[in-house]
Structure formats: structure tokens, C-alpha cells
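One-letter residues, chain by chain:
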Amino acid sequence: MHSPAPPPSPLVLHTAGEIRALVREAQQRGERVGVVPTMGALHQGHLSLVEQARRECDRVVTTIFVNPTQFAPGEDFDTYPRDVERDTDLLAQHRCDWVFAPSREEMYPAGAETSIDVGSVAVPLEGVRRPTHFAGVATIVLKLFQVIPADVAYFGEKDYQQTLVIRQLVRDLLVPIEIRVEPTVRDSDGLALSSRNAYLSAAHRAQAPALHRGMQLARQQLEQGETSAATLRETILQFLTSQGPFEVDYIALVEEGTVNQVDTITGPTRVLVAARLGTTRLIDNMALS
Ligand code: AMP
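Description of the structure in this document.

Cut-offs and rules
Every chain begins its residue count from 1, and numbering advances along the sequence as written. Since the coordinates come from a predicted model, pLDDT governs what is reported: local features require at least 70, and pairs of side-chain atoms require 80 or more to be given and counted, while whole-chain, interface and lining totals use all residues. Side-chain metrics in this entry use all non-hydrogen atoms of the structure; hydrogen atoms and water are not considered. Using protein atoms alone on a 1 Å grid, points that fit a 1.4 Å probe yet trap it form a cavity, whereas open point sets bounded by protein on both sides within 12 Å along at least five of seven lines form a pocket; residues with an atom within 4 Å of a point count as lining. Grid points are joined across faces, edges and corners, and a volume is the space filled by probe spheres set on the points. Amino acids outside the nonpolar list (Ala, Val, Leu, Ile, Met, Phe, Trp, Tyr, Cys, Pro) and the charged list (Asp, Glu, Lys, Arg) are all regarded as polar, and Gly is one of them. By definition, a salt bridge exists where a carboxyl oxygen of Asp or Glu is found within 4 Å of a side-chain nitrogen of Lys or Arg. Each helix is a run of DSSP H or I of at least 4 residues and each strand a run of E of at least 2, with the numbering of both proceeding from the N terminus. The criterion for strand pairing is that DSSP finds at least two bridges linking the strands in question. The convention used is that axes are lines fitted to C-alpha atoms, helices contributing only their stretch in contact, and that angles between N-to-C directions extend from 0 to 180 degrees. For this analysis, residues touch if any pair of their heavy atoms sits within 4.5 Å. Relative accessible area decides the class of each residue, using a 1.4 Å probe on protein chains only: under 20% of the type maximum gives buried, over 50% gives exposed, and in between gives partly exposed.

**Overview of the layout of surface pockets**
Empty space among the atoms becomes visible once a probe the size of a water molecule is rolled across them.
Line of reasoning, step 1. Here the second largest pocket is characterised by a volume of approximately 200 Å³.
Line of reasoning, step 2. Lining the second largest pocket are 16 residues; nearest its centre among them are Ile-64, Phe-65, Val-66, Arg-82 and Pro-102.
Line of reasoning, step 3. Residues that form the lining of the second largest pocket fall into these classes: 11 nonpolar, one polar and four charged.

Right under this line is the structure:
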């Protein structure tokens, strides 16, 4: 008996010209192309996006690019985990067709200065703590869409505000691509998977699920009738500080699909949390109602 053949490795492309030609040829054959933008260091959260793309598209492209412009000076750009070979093996197992892994020069030609400001959706929450972050995200995502004129692009709900930034970008700039947002994938203890979880010490890793647990407590409290956002935020804050050395950046309750904070919960609401454990910054969110 032969063991089954390993899945074929995806083709890895490094230049815009190569990947664009493949995507266009596929579309000329009538194939639907899906793209999953990532910074690599892939985990099951990323792979769930690839799986969804695989279900819905004829061709799947995953991009791997640690985008310098979305990191501020002093953030973790230099230490961000990079392992394209391991990522490519994982993508083979998920039957990804093409990997686009450009150099910095490919995405930012010498002298590149254009930057995309998507306006008010990028201003609060993450925008306060990382004022240049979403301009970097919007700029690279638009560049990727220019290089990979896919039919549909997949993003994770884990980065809720980012999904709103991208929807705004696509709407405002008339980009002909469908945006799909897929649920957050969590570890068995509730911690949202993130490439940055690798930075956590063992002690902090054990405390980190409190982020999810705290949001669940707020949801239970809402189900029991508590509709004051201040009270629900306080529940999460008290829980976090009882569970570990969390330094909370924000706990926000927003109207679903927006970044508008609410005082009283009257309709679909999402809770967003950002906190640091040591030097690792974690973000998470969940629907409350
Ligand atoms: P990143 O490599 O961190 O830039 O993430 C690439 C894409 O994967 C983004 O759309 C993220 O929102 C998504 N993603 C990251 N973590 C998760 C997760 N735990 N569950 C689902 N999607 C995720």
C-alpha cells in the first residue's frame, strides 16, 4: 500500500506581475478567485479563512507580507515571527493554490509616499493607541487588491475595527471586490488565536483567557437585564484586574457594525477589549446581543 501523496505545495510568487497574470488568467477561464491577506506566522485563525475561501472559490491566494507601514516605531516589526516555509506547508495542507510573498521593495517602490486615510472609522479605539496603524493597513490592503484583482477577500472578525476600515476603503474607492468577515477562532480556553500570543510568558498565557471570560461575564450580565454600558465595562475591568496584571487600553461597547460607543444597550452591540500583559498587547471582541 502506498501512503497518500502529500498535498501539492502552493506556487509561491514574489512579484506583482506574476500573481496578477495568474489571477487574470483564472478569471478569464471563468474561475472565482479568493484572497486571504495575512502577515504570516499562520495559525488556525488564518487557516479558517483559507478554508472558507476554498469552499467558495475556484482559486485561493494567500498573501504573506509583514507590512512595515502598519507598525509604529518601537512596535514589534523587527521581531514579528516570520517563517514562510512553515506557512507554505500549512497552506499546502489547506489546498491553497498560490502564495504571494513580496519583498518590501515590491510593495513599496523607492519613493512611495501615497497613504490611504479612511476617515472617522480609523480614529477611535485602536486609532487612539496606534494613530498610524490603519493608514498602513488601508494602504497595503488597497495595494494587495491592485496586485490581486480577486473576486472576494476574507478577513477575521478578531480585528473588528480593521474589518470596518476595509469595508469603508472598498466602498469609498469603488474597489470591485466582495469583503467577507469570518468568526474568530479561539483556543480551547477561549483565548483568540493570534501570532502575538507566541510572545506571552507561560504565566501570562495562563492569564490571557480572562479577556474572553470577562466579555462572557458582561454578556451574561446583559442577559440578566443590565443595560448600562458603564456597568458592563466595570464588570470586565474588575474581572481582568482580578485575574492578572492586565493594563487595559480600552473596554468599549459599540453599536454593531460601527465604532460608535453606546451608553445604554438597546440593540445589537459588540464589546471590544484591548489590554497589555507585560509587553504583549492583546485585542479581542464579541457580539453582546
Ligand atoms: P494578521 O496576519 O494578524 O494580519 O491576520 C490576517 C487575517 O487573519 C486578518 O484578517 C485577521 O483578522 C485574521 N485573523 C487573525 N487571527 C484570527 C483568529 N483568531 N480568528 C479568525 N481570524 C483571524
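Now that the structure has been shown, the text picks up again.
**Some remarks on the pattern of salt bridges**
A side chain with one charge can pair with a side chain of the opposite charge if their charged atoms come near.
Line of reasoning, step 1. As enumerated under the stated definition, the model contains 19 salt bridges in all.
Line of reasoning, step 2. With its nearest N and O atoms 2.7 Å apart, the salt bridge here joins Glu-75 to Arg-130. Of this pair, Glu-75 sits in the loop between strand 3 (59–64) and helix 3 (84–93) while Arg-130 sits in the loop between helix 5 (126–129) and helix 6 (133–147), and the two are 55 residues apart along the sequence.
Line of reasoning, step 3. In this structure, a network of salt bridges that share partners links the residues Arg-29, Glu-31, Arg-54, Arg-59 and Asp-97.

**Side note on the sheet that holds strand 2 (residues 33–38)**
Line of reasoning, step 1. Judged by pairing direction, the sheet is parallel, and its six strands sit side by side in the order 1-4-3-2-5-6 without closing on themselves. Looking at which strands have only one partner, the edges of the open sheet turn out to be strand 1 (11–13) and strand 6 (178–182). Sheet twist, expressed as the mean angle between neighbouring strand axes with direction ignored, is 25°.
Line of reasoning, step 2. By the bridge criterion, three bridges tie strand 1 to strand 4 (residues 98–100) in an arrangement that is parallel. Looking across to strand 4, one finds that Val-12 is bridged to Val-99.
Line of reasoning, step 3. Contacts between helix 2 (residues 44–56) and the sheet are confined to strand 2, strand 3, strand 5 (152–156) and strand 6, with strand 5 contributing the most and set at about 150° to the helix.

**Points about the side chain of His-212**
Line of reasoning, step 1. Mapped onto the secondary structure, His-212 falls in helix 9 (residues 210–223).
Line of reasoning, step 2. By relative accessible area, which is 10% here, His-212 ends up buried.

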